[in-house]
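Inside the fold
Given next are the chains, with one letter for each unit.
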Amino acid sequence: MERLSDMEYVERVQAGDAECFAPLLERYSQPVFSLLVRIVGNREDAEELTQDVFLKVFRSLSSFRRNSTFSTWLYRIAYNTAVSATRRTKREWMSFDDTGMERVAEEASDDETDETLNEERLQRLEHALEQLRPDDRALILLFYKQEKTMEEIAEITGLTLSNVKVKIHRIRKKLMDGVKSRKD
């Protein structure tokens, strides 16, 4: 099958050519799975959720209004599915003490993120990421891993743009505090 744009595949599926959904599935299944596994922290759950996401997308494709790109719409469904699943499982996630966040100077936080991370710091960062609430982890992963803009993240999550900016700023500080506290 020739390689078409997302919207061309969407239009063909909406016109009744269900086989045109396969290239979209092929194009996005791995990135969506990667995001979900990082949010829920479990490969098996992420596999199941990935299937759920694409089933929801296929079933809802007829109502896709093109108010955003297909990928933004898809990631919104993935984000909502993952956050709902983590709430349902009622896992207890350790949250960082917000008072500790205030101890991190703005400049120190920025300096730390600009340095090249060595293996030990990467492990501390991974551990700190695991300790975030799933919805906070999703925001960071959408921004850094999926390289979504703040505007796209706002659209995906349903948050305001200013709220996304504030949350990402606070999460960065939490992460830096978590990385620093692990090395002490």
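Right, let's walk through the structure included here.

Procedures and definitions
Residues numbered from 1 in each chain as written. Predicted model: local features only at pLDDT ≥ 70, side-chain atom pairs only at ≥ 80, totals over all residues. Heavy atoms only, no water. Helix = DSSP H or I, 4+ residues; strand = E, 2+ residues; numbered from the N terminus. Buried < 20%, exposed > 50% of the residue type's maximum accessible area, 1.4 Å probe, protein only. Axes fitted to C-alpha atoms, helices over the stretch in contact; angles between N-to-C directions. Parallel < 35°, antiparallel > 145°, perpendicular 65-115°, else oblique. Left-handed = near helix turned anticlockwise from the far one by under 90°. Contact = heavy atoms within 4.5 Å. Nonpolar A, V, L, I, M, F, W, Y, C, P; charged D, E, K, R; others polar. Expected span 1.5 Å × (residues − 1). Arc of directions from axis to C-beta. Polar contact = N/O pair within 3.5 Å; in protein donor to acceptor, adjacent residues only side chain to side chain. Salt bridge = Lys/Arg side-chain N within 4 Å of Asp/Glu carboxyl O. Core = buried A, V, L, I, M, F, W, Y, C linked by side-chain atoms within 4.5 Å.

What follows covers unusual backbone geometry. Although it is not a glycine, R66 sits at a positive phi angle of roughly 65°. Residue placement: R66 occurs in the loop between α3 (43-60) and α4 (70-89). The exposure class of R66 is partly exposed, given its relative accessible area of 38%. Its identity is not glycine, yet E147 carries a phi of approximately 55°, on the positive side. For E147, the location among the structural elements is in the loop between α8 (134-144) and α9 (150-157).

With their axes 8 Å apart at the nearest point, helix α2 (residues 21-40) and α3 run at an angle of 140° to one another. Put simply, α2 runs oblique to α3. You can see that α2 and α3 cross each other, and the crossing is right-handed. Judged by residue contacts, F21, L24, L25, Y28, S29, V32, F33, L36, V37 and V40 of α2 engage R43, D45, A46, E47, L49, T50, V53, F54, V57 and F58 from α3. Looking at the contact of α2 with α3, its residues break down into 15 nonpolar, two polar and three charged.

Attention now goes to helix α7 (residues 119-131). Helix length check: α7, at 13 residues, gives a terminal C-alpha distance of 19 Å against a target of 18 Å (1.5 Å per residue), a fit within 8%. Inspection of α7 places R121, R124, A128, L129 and Q131 among the buried residues, and these make up the whole buried set. Down the axis of α7, the smallest arc covering the buried residues is 155°, so these residues share one side. Residues of α7 that are exposed and angled more than 90 degrees away from the buried face: E119 and Q123.

Before going further, it helps to spend a moment on the side chain of T81. On the secondary structure map, T81 appears in helix α4. Taking relative accessible area as the criterion, T81 reaches 5% and is therefore assigned buried. Only 2.7 Å separates the side chain of T81 from the backbone oxygen of I77, close enough to count as a polar contact. Among residues more than four places away in sequence, those in contact with T81 are L49, V53 and K56.

Attention shifts here to the pattern of salt bridges. Enumeration over the complete set of coordinates arrives at six salt bridges. One salt bridge in this structure joins E126 and R38, with 3.2 Å as the shortest N-O distance. Residue E126 is located in helix α7, and its partner R38 is located in helix α2; the two are separated by 88 residues in the primary sequence. The exposure class of E126 is partly exposed, given its relative accessible area of 35%. Counted as one network, the salt bridges with shared partners bring together R133, D135, D136 and K174.

All right, on to the nonpolar core then. Formed by 49 residues in total, the largest nonpolar core has its most connected members in V32, L36, V53, V57, L61, F70 and L74. At the level of secondary structure, the elements contributing two or more residues to this core comprise α1 (6-14), α2, α3, α4, α7, α8, α9 and α10 (161-183). Excluding residues that lie within four positions of it along the chain, V53 makes contacts with V32, L36, L74, I77, A78 and T81.

Attention now goes to the environment of L24. In this fold, L24 is placed in helix α2. The sequence separation of L24 and S5 amounts to 19 residues, and the corresponding C-alpha distance is 9.3 Å. In this view, L24 contacts D6, Y9, V10, F54 and F70; residues no more than four positions away in its chain are not counted.

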